Amino acid sequence: MDHPGRRTLLFFLAFVPIYLHGASSQEGKLVQQRKPFFERLRRLEEQFQRFQEVTLTHLQGIANNYNVSYNIDTQFQRLTEESQALVLTINRSQAAVQEDLAHLKTWMKKTKRRGRKVDTRLQALDLALSEKSKHQAWEGKNQKAQQDAISRLALNVSTLQNTLAHLEHQVNRQSTRLAALEGQLQMANSDTAAQGLILAPNQPMQPGLNSPKLYHEKQALRHRNSPQDLTATLQGTQKPPSSSNHWTSTAAPTWPPQGTGKICNIGPVFVFPNASAENVVFLSPGFLKGLRALSFCTWIRMTSGYLGTLFSYATEDNDNKLVLHGRDSLVPGSMHFVIGDPAFRELPLQLLLDSQWHHICVSWTSTQGRYWLYVDRRLVAAGSHFREDYEIPPGGSLVLGQDQDNVGGGFDSAEAFVGSMSGLALWDRTLFPREVANLAIGKEIPTGAILTLANVTLVRGFVQRINCPCLEHCPATP
């Protein structure tokens, strides 16, 4: 028992120093190992503190985010409303843009059409310019010929003046001779009366005392030197009146045409007996083309103190395109000459208030707006700048005796013509004074009349159409 105990003791004694040495060495190692551990622990503490700080920062951020997220539903709702409003605005903008695009397309189409029209006009202008250039070139070529013709005309005028001077000299000589013959005739008559000579019916007279011979010679000289024959001499011929014109008098073309105060063979007479809105005469057809000039002539006899309406032409856009009328509210004996209402000129007609037949002519041209009024072939009024460059359109309604307030109607008794009318005619040009004079004396009617009383298609009311050989034989009221 001792041996194992001894061995155990020995082992214990041997093991204890070893153990102690090992323990001491381990303590030393532990001491050495503790330093990095503490350092690591310190680092871990530092890391933990930083982790705490980061965690605190994160927690603070989370807290802040919590405050933000608390109202996130309201913000989402607000954003939704804003997005909806934005979508609505975008839709409206798209609709407006589409509408603008449609307008732009329409405008582009119109612009294209206008461009085509402009191109057509430009082509027409180019063609007109080329034609004008050709015409100017042609005029340039003919200018010299015209100058030569003017020179020849001037020479002819000079020759004509010399001829006129020679004819005037001959007229003076013939006048002197006529005066001498009249003196001889007076002396012969005085000698015959003093001597009491009585010649038998079959007894021949002395050549120097033959008064009928002197008389015929005197008449021949007067006829030879009359202005009519002088005009015929200058013109080389004298044109007789046209036999086919029913207005031409069968008697000699002198004034008055059928003796003293006689006006015959003028045509039918239309009598407007009273101031009634029913008294009207319609003419057809209207103007077939636009008028830039006109002449209106007629014989009238007024039986009231004012003119009334002679002629009225109305269209859809203006019921007073062409009117000749005078109301009782105007100056007595005055007339309004209207072209395209409200433009008018007031013309004097005081000479017409004697209840006798008178011949009037009114002429107008758009060139410088000139107009003339003739009464009994005398110019009583004239002017210019009246409806310059104006054109009376075609297709209207023509009536006599009433003013139209609308096309073919709207008549008023206060504007009615009371009297007689005959020999009416209208031309699409201005008549020369010579033509007006020939028309007024019944010599001949100017050619080219576009409207006469033959165009009457309807007579209404109490208007009567009568035929009289001479106007003086027509009663005022049949």
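Per an unreviewed UniProt entry, the protein carries the name Pentraxin 4 and comes from Cavia porcellus.

Further remarks concern the overall build of the protein. Along the protein, the regular secondary structure elements total five helices and 15 strands. Residues counted as buried form 29% of the 478 residues belonging to the protein. A fraction of 68% describes how many contacts in the protein between residues 6 or more apart in sequence connect residues 24 or more apart.

One open sheet accounts for seven strands, arranged β7-β6-β5-β4-β11-β2-β14; its pairing is antiparallel. Looking at which strands have only one partner, the edges of the open sheet turn out to be β7 (344-348) and β14 (456-460). For this sheet, the mean angle separating the axes of adjacent strands, direction not counted, is 20 degrees. Alignment of strand β2 (residues 280-283) against β14, held across four bridges, turns out to be antiparallel. From the neighbouring strand, Val 281 faces β14, where its bridge partner is Val 459.

A word on the pattern of salt bridges. All told, the structure shown has six salt bridges when counted by the stated rule. Arg 460 is paired through a salt bridge with Glu 278; the nearest N and O atoms lie 3.5 Å apart. Remark: Glu 278 occurs in the loop between β1 (269-272) and β2 and Arg 460 occurs in strand β14; sequence separation between them is 182 residues.

Detailed reading of the predicted coordinates is not advisable wherever pLDDT falls low. Mean pLDDT for the protein: 77, with 72% of residues reaching 70 or above. Overall, residues 190-260 carries pLDDT values under 50, and its contacts beyond four positions in sequence, including any with other chains, amount to 75 contacts.

Enumeration according to the criterion identifies three disulfides in this entry. Between Cys 297 and Cys 361 runs a disulfide, and the two sulfur atoms are separated by 1.9 Å. Here Cys 297 and Cys 361 share a disulfide; its torsion about the S-S bond, 120 degrees, makes the bridge right-handed. Here Cys 297, found in strand β3 (residues 293-302), pairs with Cys 361, found in strand β8 (residues 358-365); they are 64 residues apart in sequence, far enough to count as distant. Cys 468 shares a disulfide with Cys 474; S-S distance 1.8 Å. This pair shows no difference in class: Cys 468 is buried, exactly as Cys 474 is. Looking at the protein, its bonded cysteines, counted consecutively from the start of the sequence, adopt the pairing 1-5, 2-3, 4-6.

Structurally, Ser 295 is set in strand β3. One polar contact links the side chain of Ser 295 to the main-chain carbonyl oxygen of Arg 429, over a distance of 2.7 Å. Looking at Ser 295, its side chain comes within polar contact range of the main-chain nitrogen of Leu 431, at 3.0 Å. When neighbours within four sequence positions are excluded, Ser 295 is seen to be in contact with Val 362, Ser 363, Ala 425, Leu 426, Trp 427, Arg 429, Thr 430 and Leu 431.

Below, the discussion takes up the packing of aromatic side chains. Applying the stated rule across the entire model yields six aromatic pairs. For the ring pair Tyr 371 and Phe 386, a centre distance of 5.9 Å and an interplane angle of 80 degrees mean the geometry is edge-to-face. With Tyr 371 in strand β9 (residues 370-375) and Phe 386 in the loop between β10 (378-383) and β11 (397-400), this pair connects stretches of sequence that are 15 residues apart. Among the residues examined, Tyr 371 registers a relative accessible area of 10% and is labelled buried. By the ring-pair criterion, three or more aromatic residues cluster together here, those being Phe 337, Tyr 371 and Phe 386. The side chain of Arg 387 reaches across the aromatic face of Tyr 390, ending 4.4 Å from its centre.

Okay, a positive patch on the surface next. Judged by side-chain charge, Lys 105, Lys 109, Lys 110, Lys 112, Arg 113, Arg 114, Arg 116, Lys 117 and Arg 121 come together as a positively charged surface patch. Note that Arg 114 resides in helix α2 (residues 72-195). Residue classification places Arg 114 among the exposed residues on the basis of a relative accessible area of 55%.

Along helix α5 (residues 433-440), six of the eight residues are buried, which leaves the element largely enclosed by surrounding structure. For α5, the full list of buried residues reads Glu 435, Val 436, Ala 437, Asn 438, Leu 439 and Ala 440. Close packing links the buried residues of α5 with β3, β8, β9 and β12 (419-427). Gly 442 sits one or two residues past α5 and shows a positive phi near 75 degrees.

A separate point is the nonpolar core. Ranked by size, the top nonpolar core spans 42 residues in total, and within it Leu 310, Phe 311, Phe 337 and Ile 392 carry the most contacts. It is β3 that provides the largest number of residues to this core, a total of four residues. Ignoring any residue separated from it by four or fewer positions in sequence, one finds Phe 337 in contact with Leu 322, Val 323, Leu 324, Ala 343, Phe 344, Arg 345, Leu 347, Val 362, Trp 364, Tyr 371 and Phe 386.

Attention now moves to unusual backbone geometry. Residue Pro 285 follows Ser 284 across a cis peptide bond; omega there is 0 degrees. Across the junction of Asp 341 and Pro 342, the peptide omega takes the value 20 degrees, indicating a cis bond. Here Pro 342 is to be found in the loop between β6 (334-339) and β7. Of note, Gln 368 is a non-glycine position whose phi angle comes to about 60 degrees, a positive value. In this fold, Gln 368 is placed in the loop between β8 and β9. Its identity is not glycine, yet Asp 376 carries a phi of approximately 55 degrees, on the positive side. Of note, Asp 376 is situated in the loop between β9 and β10.

Here is what the cut-offs are and how they apply
- Residues numbered from 1 in each chain as written.
- Predicted model: local features only at pLDDT ≥ 70, side-chain atom pairs only at ≥ 80, totals over all residues.
- Heavy atoms only, no water.
- Helix = DSSP H or I, 4+ residues; strand = E, 2+ residues; numbered from the N terminus.
- Buried < 20%, exposed > 50% of the residue type's maximum accessible area, 1.4 Å probe, protein only.
- Contact = heavy atoms within 4.5 Å.
- Pairing = 2+ DSSP bridges.
- Axes fitted to C-alpha atoms, helices over the stretch in contact; angles between N-to-C directions.
- Salt bridge = Lys/Arg side-chain N within 4 Å of Asp/Glu carboxyl O.
- pLDDT = per-residue confidence, 0-100.
- Disulfide = S-S within 2.5 Å.
- Polar contact = N/O pair within 3.5 Å; in protein donor to acceptor, adjacent residues only side chain to side chain.
- Phe/Tyr/Trp six-rings, centres within 6.5 Å; stacked < 30°, edge-to-face > 60°.
- Lys NZ or Arg CZ within 6 Å of the ring centre and 35° of its normal.
- Patch = residues over 30% accessible without salt bridge, like charges linked within 9 Å, V, L, I, M, F, W, Y side chains within 5 Å.
- Areas by Shrake-Rupley, 256 points an atom, 1.4 Å probe, with all protein chains shown as cover.
- Lys, Arg positive; Asp, Glu negative; His and termini not counted.
- Charge placed at Lys NZ, Arg CZ, Asp CG, Glu CD.
- Core = buried A, V, L, I, M, F, W, Y, C linked by side-chain atoms within 4.5 Å.

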